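The chain contents come next:
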Amino acid sequence: MTTIPSLDLSRFDSDPEAFVQEMGEAYQAWGFAGITNHGIDQSIIVNALRAAEKVFALPDETKKQYFKDNGGTRGYTPFGTEVAKNAEHVDLKEFWHVGREIDGEPPHKDLTPNVWPQEVPEFKIAMLALYSALDNLSRVLLRAFALFIGEDQHYFDDKVNYGNSILRPLHYPPILDPNLPNVRAGAHEDINLITLLVGSEQEGLEVLNKKGEWVGISMIEGTIICNVGDMLQRLTNHVLPSTTHRVVNPKGEAGKVSRFSIPFFVHPNPGTSLDALPQCVTEDNPKRYPPITSDEYLMERLREIGLIK
Ligand SMILES: O=C(O)CCC(=O)C(=O)O
Ligand SMILES: [Fe+2]
């Protein structure tokens, strides 16, 4: 196989056992797959993308009003803030973080209020619609992952319902200066349980395969990319691996335009144990890490990428 596998999610209904097996094998080999027939209407994705483009097109001074001293957890983060672990350069990107909306009193302190741009009122509506669609899709995918690792299909249900999952519309500006490094987002692994990625209409995302080669991922309209993050890797003692990926500048004219994409990072509820599941620890795959909770782990990782001090 020369690029990441594609999984038809409608088969989880029609032939669940075969689907779970295929899915598990795909993720063991790649850590990434394209999900088709996921049930999310393309208009929800397009509306979110168009609203994000409008927000990033606002003047810098306007956007910076929405850059809060909150470790970037909600609202806008300008260029040059985030650095991939061990990278030499800051990433060439700006982004906006949207969190879970709760009616009434939030169940824990991480669920802070969202920050919305006054200038583009449709941004809030479009982002909340996409947040809710991806949150629901992530529950379905986690049911299949749970079955693959030998748990009840509802294993994750009460571990992600109040998680501080984050929707991150991202803008990588055109690269016009030939002296700038060719990497828009440095090589990294995602910290969270799983990531769903929508929207990018431009090339540039690459994953590192098992042979150590960078493989480009073409975005096909209607396909949502889903990858395993470090928290699920840790919980499964690497049975489900988290795969290194990066975003490079496409060659030629394609690099001279902006790139927009919207990842959704699925986080567990605070206090969720990421200690390896017993069935994932074997003689051939001995336990790799000491126990840790999801919030302790997140703090450790956010410090490494410069989002908190
Ligand atoms: O822009 C993309 O396509 C991927 C972004 C990404 O990997 C991330 O933000 O973690
Ligand atoms: Fe990523």
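Just so it is clear, the structure is predicted and the values come from calculations on it, not from any experiment.

**Examining the overall build of the protein**
When you go through the protein residue by residue, the secondary structure sums to eight helices and 13 strands. The C-alpha radius of gyration of the protein comes to 19 Å, within 12% of the 19 Å expected for a compact globule of 309 residues. Its C-alpha atoms give the protein principal-axis dimensions of about 55 × 50 × 40 Å.

**Details of the nonpolar core**
Ala48, Met127, Leu130, Ala144, Leu167, Ile194 and Leu196 are the most contacted members of the largest nonpolar core, which has 71 residues in total. When near neighbours in sequence (up to four residues on either side) are disregarded, Ala48 contacts Ala126, Met127, Leu130, Pro169, Gly199 and Ile262.

**Quick look at the UniProt feature "domain: Fe2OG dioxygenase" (unreviewed entry) in the protein**
As recorded in UniProt, the sites labelled "domain: Fe2OG dioxygenase" (unreviewed entry) are residues 162-268. Along residues 162-268, the helical share is 6% and the strand share 37%, with 7 Å between the first and last C-alpha atoms.

**Concerning the pairing of strand β12 (residues 245-248)**
Burial along β12 is one-sided: His245 and Val247 are buried, while Arg246 and Val248, pointing the other way, are not. Two elements, strand β7 (residues 183-188) and β12, share three bridges in a ladder whose sense is antiparallel. If you follow Val183 over to β12, its bridge partner there is Val248. In the sheet, strand β9 (residues 205-208) pairs with β12 via three bridges, with the strands oriented antiparallel. Within β12, the position partnered with Val207 by the bridge is His245.

**As for the site of ligand 1**
Taken together, Leu170, Ala185, Asp190, Leu197, Ser200, Leu205, His245, Val247, Ser261 and Pro263 make up all the residues around ligand 1. Listing elements by their share of the shell around ligand 1, those giving two or more residues are β12 and β13 (259-266).

**Some details on the environment of Ala57**
Following the sequence through the fold, Ala57 ends up in the loop between α3 (42-56) and α4 (60-64). Through-space distance from the C-alpha of Ala57 to that of His171 is 9.7 Å; in sequence the pair is 114 residues apart.

**Looking at the sheet that holds β7**
The strand order β7-β12-β9-β10 describes an open sheet built from four strands, whose pairing is antiparallel. Here the strands that pair on one side only, and so sit at the sheet edges, are β7 and β10 (214-216). The sheet shows a mean angle of 25 degrees between the axes of neighbouring strands, direction not considered.

**Brief notes about the confidence of the model for the protein**
On average, residues of the protein carry a pLDDT of 92, and 95% of them reach 70 or more. Confidence estimates for the predicted assembly give a pTM of 0.95 and an ipTM of 0.98.

**Topic: the packing of helix α2 (residues 16-30) against helix α5 (residues 122-148)**
Between α2 and α5, the shortest axis-to-axis distance is 9 Å and the interhelical angle comes to 85 degrees. With respect to their mutual orientation, α2 and α5 come out roughly perpendicular. Along the contact surface, α2 presents Phe19, Val20, Met23 and Gly24, while α5 presents Ala144, Leu147 and Phe148. Across the contact of α2 with α5, the residue classes break down as six nonpolar, one polar and no charged.

**Digging into the packing of α3 against α5**
Packing of α3 against α5 brings their axes to within 8 Å, and their N-to-C directions diverge by 140 degrees. Classified by the angle their axes make, α3 and α5 are oblique. The handedness of the crossing between α3 and α5 is left-handed. For the pair α3 and α5, contact is made by Ile44, Ile45, Asn47, Ala48, Ala51 and Val55 and by Glu122, Phe123, Ala126, Met127, Ala129, Leu130 and Ala133, respectively. Grouping the constituent residues of the contact of α3 with α5 by class yields 11 nonpolar, one polar and one charged.

**What to know about unusual backbone geometry**
A positive phi is found at Asn37, a non-glycine position, where the angle reads about 50 degrees. Note on placement: Asn37 falls in the loop between β2 (32-36) and α3. Take Asn37: there are 14 C-beta atoms within 10 Å of it, and that puts it in the partly exposed class. Although it is not a glycine, His238 sits at a positive phi angle of roughly 75 degrees. Position of His238 among the secondary structure elements: in the loop between α7 (230-235) and β12. Under the C-beta neighbour-count criterion, His238 is labelled partly exposed, with 15 such atoms within 10 Å.

What counts as what
Residues numbered from 1 in each chain as written. Chains lettered and ligands numbered in written order. Predicted model: local features only at pLDDT ≥ 70, side-chain atom pairs only at ≥ 80, totals over all residues. Helix = DSSP H or I, 4+ residues; strand = E, 2+ residues; numbered from the N terminus. Rg over C-alpha atoms; globule rule 2.2 N^0.38 Å. Core = buried A, V, L, I, M, F, W, Y, C linked by C-beta atoms within 7 Å. Buried ≥ 20, exposed ≤ 12 C-beta atoms within 10 Å, placed from the backbone. Contact = placed C-beta atoms within 7 Å. UniProt positions renumbered as here; feature names shortened; annotations may be inferred. Pairing = 2+ DSSP bridges. Near = placed C-beta within 6 Å. Axes fitted to C-alpha atoms, helices over the stretch in contact; angles between N-to-C directions. pLDDT = per-residue confidence, 0-100. Parallel < 35°, antiparallel > 145°, perpendicular 65-115°, else oblique. Nonpolar A, V, L, I, M, F, W, Y, C, P; charged D, E, K, R; others polar. Left-handed = near helix turned anticlockwise from the far one by under 90°.

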